[in-house]
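Fold and contact review
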Amino acid sequence: MIDPRLQLRAMIGLGVLVVAFALLLVRLWTIQVAGADPWAAAATAQHETGVRPLRADRGAITDRHGRVLARTEERPSLAIDPQVAREAGHVESIARIVADEVGVDLGPLVEAATPESRFVWIERKITDGAAVERALERASAAGLKGLIVQHEQVRAYPAGTLASHLVGFAFEDPARGLAGAEGAERLADARLRGRDGRVACERDVRGRWIVRSSADVVAPVPGDDVRLTIDAVVQAFAEDEVQRVWDEFDPVSAVAAVVDVRTGDVLAAASRPTFDPNDRSAPPEHRRNRFFTDMFEPGSTFKPVAMAIAIDAGQLSTSEVIDTSPGTIRVERRTIREDKHKDLGRLTPAGILAEASNVGMAKIALRVGIPRMHASVRLFGFGAPTGTGWTGESPGKMTPLESWTAAYTLCSVSFGQEIAVTPAQLLASYAALANDGTLRPLRVFVDAPPRAPVQVVRPETAQQVVPMLEEVFLSGTASRIDTGGYRLGGKTGTAEQKDRRGNIEYVGSFGCIGPVEAPRLAVLVVCDRPANG
């Protein structure tokens, strides 16, 4: 017979088991049915699946000969999993390694992380890759857990400030990756960008993204390389010269540029102030491409254009002599004077350019008349963008035809006043004169779609004007310049302008073509408001 006390104990034990099992069932029902959503969300978060982009490599930007000016590089970025590092007790050891190799204080970053944080950046896009390698090797050798390295794309500019205003720079767009911000990086962004790929991923228990073995990977398509028309060697010479102007004369800004007169290719365009596209801290005024954006009154550098217009209109012969005495001319109620009140006497057209005679140019302009002068100046491209599509390009400024007067606008424009031009426009006009009167639209990309040339004056007209410009070097305002044995033609110019207080300021410019016997290049230098000289 079973002991009643044992029977009672068995019944009590069985009852406890039944109650425990019932409670377990209730708990399971609560978790899996009534309270399933929070747990499902946690599981989803822990093993989240999704499609992650595979960034396409951005194409390179090179000069016309393939010298690299901008390229995409991968640089290491360091991060930490605070939760893993804390649980393993490795935070202090990792912090010492990071401080030694990378120079970052890890303590504040980990302290600021929430208890559930699984990823905190330490330093991104580290230039010293060797330091990152040493940090990882030390952490691995010590068996430390929680240090993470990822590689990220960064845009690098190995030439630094060389052609920086033309190259521009790209920035990191969280949604699109590297994107062009300024310069060629922006203009050619669609071609440089390529097409991103994608890959299906999921998170592991530590929150890291891993590629599923059955993933359908779509490979990215790299962007195209883009060639600029500049020659890095010619650009370097232009940079040196504009820097010399910057250092010697202390202007507000300066530009030096070179164009191939036969093609319209911009071989160099340097500006000051300048910037290094590897450093994003430069102010906007340093990043502006003044070759396209800045306007100025050209002064005497515009006179060859007006002279060519007059000869082409049949209003002037190159052998003609014009009397500029006594150094003034009265046109209606206006008196036009020579610079420094000189009396330059009787001058040929070449002498008028060499001596920069305002009186001589005014007399010539009055022969041409308003309609022909206005139409011809517009035909040279003044008053409109050059057509390169450059972001922020200025069209310059011309008085509307209906507001022109003979005494003021017509005469003033003939010697480069009452008109505002960009360096790009003025250089293109010199290139046209050097190219037998054919204006080749400027290009900054080698593969830019061709645009129709414009015959701004007849070939025989241009061929008469170019030798006149040589006289400027032989006996005129540029006679002190060493031509290095080459036959060059050009024109100096100085324009006055007033600041807000009414003080007189100056803009100096010099346009040049050469060699005179078979012109190949046109060069322009502009010095805006020099403090010295």
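This report concerns the structure included in the present document.

1. Details of the pattern of salt bridges
- The tally for this structure, following the rule as stated, stands at 31 salt bridges.
- Between Arg118 and Asp81 there is a salt bridge, with the nearest N and O atoms lying 3.1 Å from each other. With Arg118 in the loop between helix H5 (107–112) and strand S4 (120–123) and Asp81 in the loop between strand S3 (68–80) and helix H3 (82–88), the pair connects residues that are 37 residues apart, well separated along the chain.
- Judged by relative accessible area, which is 22%, Arg118 ranks as partly exposed.
- Judged by its relative accessible area of 4%, Asp81 falls in the buried class.
- Connected through salt bridges with shared partners, the residues Arg58, Arg155, Glu185, Asp189 and Arg193 form a single ionic network.

2. Overview of the packing of helix H4 (residues 91–101) against helix H6 (residues 129–141)
- With their axes 9 Å apart at the nearest point, H4 and H6 run at an angle of 155 degrees to one another. It follows from the interaxial angle that H4 and H6 lie roughly antiparallel. Seen along the crossing, H4 lies across H6 with a hand that is right-handed. Each of Ile97, Asp100 and Glu101 in H4 lies in contact with H6, whose residues at this interface are Ala131, Arg134, Ala135, Arg138 and Ala139.

3. Considerations on the nonpolar core
- Core analysis: the largest hydrophobic core is formed by 93 residues, its most contacted members being Leu228, Phe291, Met307, Met373, Val377, Phe380 and Phe382.
- Per-element accounting of this core gives the leading share, nine residues, to helix H18 (residues 423–434).
- Beyond its immediate chain neighbours, meaning those up to four positions away, Met307 contacts Leu316, Pro349, Ile352, Leu353, Met361, Ile364 and Met468.
- Grouped together as the second largest cluster of nonpolar side chains are 20 residues, Ala85, Val98, Leu106 and Val120 included.

4. What about the packing of aromatic side chains?
- Throughout the structure, instances matching the rule amount to six aromatic pairs.
- Grouping aromatic residues by their ring pairs yields a cluster made of Phe291, Phe292 and Trp390.
- The ring centre of Trp121 lies 4.6 Å from the NZ or CZ of Arg124, which sits over that ring.

5. A short note on the pairing of strand S21 (residues 489–498)
- Taken together, the 10 bridges between S21 and strand S22 (residues 504–514) define a ladder with antiparallel strand orientation. Bridge pairing in S22 links Gly490 to Cys512.
- With antiparallel pairing between neighbouring strands as the criterion, S21 and S22 make up a hairpin whose turn holds five residues, including Gly502 at a positive phi of roughly 90 degrees.

6. Topic: the sheet that holds strand S23 (residues 521–528)
- Pairing is antiparallel across the open sheet formed by five strands, whose spatial order is S12-S11-S23-S22-S21. Edge positions in the sheet fall to strand S12 (266–272) and S21, since each of these pairs with one other strand and no more. Across this sheet, the average inter-strand angle for adjacent strands is 10 degrees, counted without regard to direction.
- Sheet strands touched by helix H10 (residues 232–249): strand S11 (253–260), S12 and S23. Its angle to S12, the strand with the most contacts, is close to 25 degrees.
- Strand contacts of helix H19 (residues 459–474): S21 and S22, with the helix running at about 70 degrees to S21, the strand carrying the most contacts.

7. Regarding the side chain of Asn358
- Structurally, the position occupied by Asn358 is in helix H15 (residues 358–368).
- Looking at Asn358, the relative accessible area reads 13%, which means it is buried.
- Setting aside anything within four residues of it in sequence, one finds Asn358 in contact with Lys303, Ile336, Arg337, Glu338, Asp339 and Phe415.

8. Concerning the packing of helix H13 (residues 303–312) against H19
- Two elements in contact, H13 and H19, have axes whose closest approach is 9 Å; the angle formed by their N-to-C orientations is 140 degrees. Relative to H19, the element H13 is oriented oblique. Judged by the twist between their axes, the crossing of H13 over H19 is right-handed. When H13 is examined against H19, the residues Pro304, Met307, Ala308, Ile311 and Asp312 are found in contact with a partner set consisting of Thr461, Gln464, Val465, Met468 and Leu469.
- In terms of residue class, the contact of H13 with H19 is made up of seven nonpolar, two polar and one charged.

About the thresholds
- Residues numbered from 1 in each chain as written.
- Predicted model: local features only at pLDDT ≥ 70, side-chain atom pairs only at ≥ 80, totals over all residues.
- Heavy atoms only, no water.
- Salt bridge = Lys/Arg side-chain N within 4 Å of Asp/Glu carboxyl O.
- Helix = DSSP H or I, 4+ residues; strand = E, 2+ residues; numbered from the N terminus.
- Buried < 20%, exposed > 50% of the residue type's maximum accessible area, 1.4 Å probe, protein only.
- Axes fitted to C-alpha atoms, helices over the stretch in contact; angles between N-to-C directions.
- Parallel < 35°, antiparallel > 145°, perpendicular 65-115°, else oblique.
- Left-handed = near helix turned anticlockwise from the far one by under 90°.
- Contact = heavy atoms within 4.5 Å.
- Core = buried A, V, L, I, M, F, W, Y, C linked by side-chain atoms within 4.5 Å.
- Phe/Tyr/Trp six-rings, centres within 6.5 Å; stacked < 30°, edge-to-face > 60°.
- Lys NZ or Arg CZ within 6 Å of the ring centre and 35° of its normal.
- Pairing = 2+ DSSP bridges.
- Nonpolar A, V, L, I, M, F, W, Y, C, P; charged D, E, K, R; others polar.

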